[in-house]
Number of protein chains: 2
Amino acid sequence: MPDGGSKPLVVESGFMNKLKSFFITCIFSKILNFLDKAWKLAVSEPKMVFHCLKVGLALSFVSFFYYMRPLYDGVGGNAMWAVMTVVVVFEYTAGATLCKCVNRVMGTFLAGGLGIGVHWVATQSGPKFEPIILGISVFILAFSATFSRFIPSIKARFDYGAAIFILTFCLVTVSGYRVEKLFELAHERLATIAIGTSICILISLLLFPVWAGTELHLLICNNLEKLADSLHGCVEDYFEIEKNDNDEKEDEEMINKKLNGYKCVLNSKATEETMANFARWEPAHGNFNFRHPWKQYIKVGALMRSCAYCIESLNGCVDQEIQAPEVLKEQFREVCMKLSSECSNVLKELAFTMKTMTKSLKVDIMVADMNFAVQDLHNTLKTIPILPSATITKSLGIPLVQVLPIATTISLLTELTSRIEELADALNQLAIMADFSDVEDEDKGMFEEEGHHNIIISNGNSQDNEIIKKTIQN
Amino acid sequence: MPDGGSKPLVVESGFMNKLKSFFITCIFSKILNFLDKAWKLAVSEPKMVFHCLKVGLALSFVSFFYYMRPLYDGVGGNAMWAVMTVVVVFEYTAGATLCKCVNRVMGTFLAGGLGIGVHWVATQSGPKFEPIILGISVFILAFSATFSRFIPSIKARFDYGAAIFILTFCLVTVSGYRVEKLFELAHERLATIAIGTSICILISLLLFPVWAGTELHLLICNNLEKLADSLHGCVEDYFEIEKNDNDEKEDEEMINKKLNGYKCVLNSKATEETMANFARWEPAHGNFNFRHPWKQYIKVGALMRSCAYCIESLNGCVDQEIQAPEVLKEQFREVCMKLSSECSNVLKELAFTMKTMTKSLKVDIMVADMNFAVQDLHNTLKTIPILPSATITKSLGIPLVQVLPIATTISLLTELTSRIEELADALNQLAIMADFSDVEDEDKGMFEEEGHHNIIISNGNSQDNEIIKKTIQN
């Protein structure tokens, strides 16, 4: 038995080896996969890489500062708070960093003052009541600060501040009993936080700053273009417009990406709201003033989503089983294509005015054109009568069931038109509120050229965004 | 001149007083308004109040623990870390708290180990290279940890861990040089974090726990009901169904709330994803096992949103200017109402099976009924022919333009039906994956009664949710 026991052991160790090598390859391929993903992300979003470099820089700087004596000599072991502040406060956008900095300083200051006050009251009331008063005050303030974080208006702007408030209050009230150097502690904490936040603010704002406002502005521009592309592509798909040779060369994937662009718009609510919240903290930069109407961007975003819902339903129509007969489609092809191209022209013009931050002279005319196209479509409709009685033999007509898809397409296009008009109004209002510049006369000449829209259409990629962003910022 | 100067001064002080009182009333009314909002929130969401009480309790407890010596005697001034851990880690749901606790412990452990290693290498390489090695290591690790936070899979699960990793690494490497008691520091930091996290986990999980999983489950149930109500209300609105006396008594606001319920579904993506992420950290509770298929909930949520998009477009139809002539509406009223009530029956049945976590015997039959209703609708359609030629005089028929709204309604309802069917499939799959219990024979009898749906309909309020939640948990 003890001899025979060796064989299963060999088998087992062989099995274990296989298992080991299996796990190693598994882990290895997972790591490779992960690195590949990370690399792709880094290539597609160089701004993120810059952000990471900035964080590394800020931390190395504050560490050196601590390590090389000046910080340590000033505030001693509490210098750690400066390092901690940098880690916690440094965010991707300048607005978010500023928001956290202000929250951290305000929360610390308020809680420090209140903590010292409560501590004074507690010490005055004798050693018996002291722990009770401290305990109750911690409970009450922790309760109310935590609750305030649920209130939307506080949550949006002071969520982090409330957390820091509780933290500092606890530190000050509780440690006050032990450390016996309350003011010194409060002073050191404030000083180190001030050092940490100033390093963050300086590096975040001066070194390739990522402005939440600019990001939001670009997001809206890109989403407008995505809507235009999706809408046009969707209607083209429905009427099976033959692509010309040039288009055929376009990657299938690229076309699909364009068609599905509206899906980004559907899911952009949270991002827009966060960005708008942070943008309000940012100082004036580029063409954006301190009181830029960021709230209007949220309205614009909501109207864009309502357009995207329409496009979603339109897409549903394209995929439906029952399709309109060719005769009927033929009759509406031209007017529908005209309308959809007018719609996407309006959207592209809106995107262009947003990108260049100018008041467009053409949008109103284009909206009117769009409405004319709707009228044309409805006039075409009026030429086709429908008999509601069942007495007429079917051979004479097409059953209504086959008219459904085209009727829905027309109806949704009409609905979409009115939503785009609302969107144009909201964007006009934004242009007035943000005091966009008027188009200069020279440019006006250029804008009236026929080639204008081709220029806009090619603006969809991120390289152009960079160029336009630079023009915005200068 | 110096005498005459007194008059404007009086005027000014009068003006200042007015300004003062104006500001005081302004601030006072703002505070009252804020308190009113907070009170309403507290009344509508008692769970949030419980959460705040729990945070207060946890903080008071850890403060007392520190204050009353045992914690202080053990780890000295670093006991502060325990207080800090509680403030930072205690979240609303048990899953979020667990996720943060695990992240904090893992991040601290990894970074502590790595930090000690790097520190050892640095000290071995002589005093000249030491600061350089430390600085470079801080830079590289801060860079890579910050970058990893941008990768979606890391962001969803280990975002906080990465932040803590950077923090601890900086603390250990940099302070190692000063404090000279590196292992002690690392040990104390781990010990205090362990104390803080255990208090959080105990209080969060044992005292009225709010499970992210249960919340997600209830969110899906409520959203299903909201979809059912919105859909039915919208189609009723379109066909201007007379409300009976009982309904008239219902508050106008209530009806509007029901109609607009689908809007909650449109915007629930972010919440669902966050909840599902946290739910994966939770231990088995109630009917939810550790490996409950939370990912499937995200799929279900996406399908529900696609239904909501359809309802959004349907609502657009209701508000359109051009309406179908009464004759035509009359012809479709019955079949459309039948279809919409079949659809909302399916949705309500799905909500019921989710709430009771049972495999429904009726859903398949109901889906079949729904499809029959679609067929009925299409049969009705087929009885109405349409003549595509413009040669027939208009007096004989209704122009197609007037048919648009009803055609769109029908088309969207058809589209919605197929989306609801997909949703039912996804929920069936969920029931299989999560091993929902079969309905017992006794219950089956009850379910087959006619009054069944009335029971379900009344389940929409939060009180019932509580009851059902309790049955889920027991």
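Values in this document were obtained by computation on a predicted structure and should not be read as measured data.

What counts and how
- Residues numbered from 1 in each chain as written.
- Chains lettered and ligands numbered in written order.
- Predicted model: local features only at pLDDT ≥ 70, side-chain atom pairs only at ≥ 80, totals over all residues.
- Heavy atoms only, no water.
- Helix = DSSP H or I, 4+ residues; strand = E, 2+ residues; numbered from the N terminus.
- Buried < 20%, exposed > 50% of the residue type's maximum accessible area, 1.4 Å probe, protein only.
- Contact = heavy atoms within 4.5 Å.
- Areas by Shrake-Rupley, 256 points an atom, 1.4 Å probe, with all protein chains shown as cover.
- Patch = residues over 30% accessible without salt bridge, like charges linked within 9 Å, V, L, I, M, F, W, Y side chains within 5 Å.
- Salt bridge = Lys/Arg side-chain N within 4 Å of Asp/Glu carboxyl O.
- pLDDT = per-residue confidence, 0-100.
- Core = buried A, V, L, I, M, F, W, Y, C linked by side-chain atoms within 4.5 Å.
- Polar contact = N/O pair within 3.5 Å; in protein donor to acceptor, adjacent residues only side chain to side chain.
- Disulfide = S-S within 2.5 Å.
- Phe/Tyr/Trp six-rings, centres within 6.5 Å; stacked < 30°, edge-to-face > 60°.
- Lys NZ or Arg CZ within 6 Å of the ring centre and 35° of its normal.
- Axes fitted to C-alpha atoms, helices over the stretch in contact; angles between N-to-C directions.
- Parallel < 35°, antiparallel > 145°, perpendicular 65-115°, else oblique.
- Left-handed = near helix turned anticlockwise from the far one by under 90°.
- Nonpolar A, V, L, I, M, F, W, Y, C, P; charged D, E, K, R; others polar.

1. Considerations on the overall build of chain A
The secondary structure content of chain A amounts to 20 helices and 4 strands. Here chain A, with 474 residues, has 51% of them falling under the buried criterion. The long-range share in chain A, meaning contacts at least 24 apart out of those at least 6 apart in sequence, stands at 84%. Per element, the accessible surface of chain A, about 22900 Å² overall, is 62% carbon and sulfur.

2. What to know about a nonpolar patch on the surface
On the surface, a cluster of nonpolar side chains totalling about 1100 Å² of accessible area is made up of Phe15, Met16, Leu19, Phe22, Phe23, Ile27, Phe28, Ile31, Leu32, Phe34 and Leu35 of chain A. Tracing the sequence through the fold places Leu35 of chain A in helix 1 (residues 6-44).

3. Points about the confidence of the model for chain A
Residue and element names in this part refer to chain A. Taken over all residues, the pLDDT of chain A has a mean of 79, while the share at 70 or more is 80%. Of all the helices and strands in chain A, helix 19 (residues 452-457) carries the lowest mean pLDDT, 38, while helix 13 (residues 269-279) carries the highest, 90. For the stretch residues 1-9, pLDDT sits under 50, and the model shows 0 contacts to residues farther than four places along the chain or on other chains. The low-confidence segment residues 441-474, where pLDDT is below 50, has 44 contacts with residues more than four positions distant or belonging to other chains. Overall fold confidence (pTM) sits at 0.81, and the ipTM for the predicted complex is 0.79.

4. Thoughts on the pattern of salt bridges
Residues and elements named next belong to chain A. Under the counting rule described, the total for this entry stands at 22 salt bridges over all chains. The salt bridge involving Lys348 is made with Asp229; its shortest N-O contact spans 3.7 Å. With Lys348 in helix 15 (residues 326-356) and Asp229 in helix 9 (residues 212-238), this residue pair connects regions lying 119 residues apart in the sequence. A residue is classified by how much of its surface remains accessible, and Lys348, at 10% relative accessible area, is buried. Judged by relative accessible area, Asp229 falls into the partly exposed class, the value being 22%.

5. What about the nonpolar core?
Among the nonpolar cores identified, the biggest contains 143 residues, and Leu224, Leu231 and Leu423 of chain A together with Leu224, Leu231, Phe332 and Leu423 of chain B are the most heavily contacted of them. Broken down by element, the residue count for this core peaks at 16 residues, all from helix 17 (residues 400-433) of chain A. Setting aside its immediate chain neighbours within four residues, Leu231 of chain A contacts Ile311, Leu314, Ser340, Cys343, Ser344, Leu347, Leu413, Leu416 and Ile420 of chain A. Core analysis: the second largest hydrophobic core is formed by 74 residues, Trp81, Cys101 and Cys200 of chain A together with Val89 of chain B among them.

6. A closer look at the side chain of Thr414 of chain A
Residue and element names in this part refer to chain A. One can find Thr414 in helix 17. The exposure class assigned to Thr414 is buried, which follows from its relative accessible area of 16%. A distance of 3.5 Å separates the side chain of Thr414 from the side chain of His378, its partner in a polar contact.

7. Brief notes about the state of the cysteines
A disulfide bridge is the covalent bond that connects two cysteines by way of their sulfur atoms. One pass over the full model with this rule turns up 0 disulfides over all chains. Free of any disulfide, Cys99 of chain A has its nearest cysteine sulfur in Cys101 of chain A, 9.2 Å distant. There is no disulfide at Cys170 of chain B, and the cysteine sulfur nearest it, in Cys200 of chain A, is 12 Å away.

8. Quick notes on the packing of aromatic side chains
This model, assessed by the stated rule, comprises 17 aromatic pairs over all chains. A centroid spacing of 6.4 Å and a plane angle of 10 degrees characterise the contact between Phe165 of chain B and Phe169 of chain B, whose relative ring orientation is stacked. Of this pair, Phe165 of chain B and Phe169 of chain B are both found in helix 7 (residues 152-179), 4 residues apart, which corresponds to roughly one turn of the helix. Both residues of the pair, Phe165 of chain B and Phe169 of chain B, count as buried. Within the aromatic cluster, the residues linked to one another by ring pairs are Tyr92 of chain A together with Phe147 and Phe150 of chain B. Residue placement shows Arg157 of chain A over the ring face of Trp281 of chain A; its charged tip is 5.5 Å from the ring centre.

9. Describing the environment of Glu415 of chain B
Residue and element names in this part refer to chain B. Tracing the backbone through its elements, the reader meets Glu415 in helix 17 (residues 400-433). Put simply, Glu415 and Phe147 are 268 residues apart on the chain and 43 Å apart in space, counted from C-alpha to C-alpha. Within the structure, the side chain of Glu415 is placed 3.0 Å from the side chain of Arg419, a separation counted as a polar contact.

10. Quick word on unusual backbone geometry
We note that Asp435 of chain A has phi near 55 degrees; this positive angle belongs to a residue other than glycine. Within the fold, Asp435 of chain A resides in the loop between helix 17 and strand 4 (437-438).

11. Focus: the packing of helix 9 (residues 212-238) of chain B against helix 14 (residues 294-318) of chain B
Residue and element names in this part refer to chain B. Contact geometry for helix 9 and helix 14: axes closest at 10 Å, N-to-C directions at 20 degrees. In terms of orientation, helix 9 lies roughly parallel with respect to helix 14. Every pair of crossing elements has a handedness; the one defined by helix 9 and helix 14 is left-handed. Listed contacts from helix 14 to Gly213, Leu216, His217, Ile220, Asn223, Leu224, Leu227, Ser230, Leu231, Cys234, Asp237 and Tyr238 of helix 9 are Trp294, Tyr297, Val300, Gly301, Met304, Cys307, Ala308, Ile311, Leu314, Asn315, Cys317 and Val318. Taken together, the residues that form the contact of helix 9 with helix 14 break down as 17 nonpolar, 6 polar and 1 charged.

12. Topic: the environment of Ser230 of chain A
With respect to the helices and strands, the residue Ser230 of chain A is situated in helix 9. With 32 residues separating them along the chain, Ser230 of chain A and Tyr262 of chain A place their C-alpha atoms 6.0 Å apart.

13. Quick word on the environment of Tyr66 of chain B
By the secondary structure assignment, Tyr66 of chain B is in helix 2 (residues 46-67). Between the C-alpha atom of Tyr66 of chain B and that of Val83 of chain B, which follows or precedes it by 17 residues, the distance is 8.5 Å.

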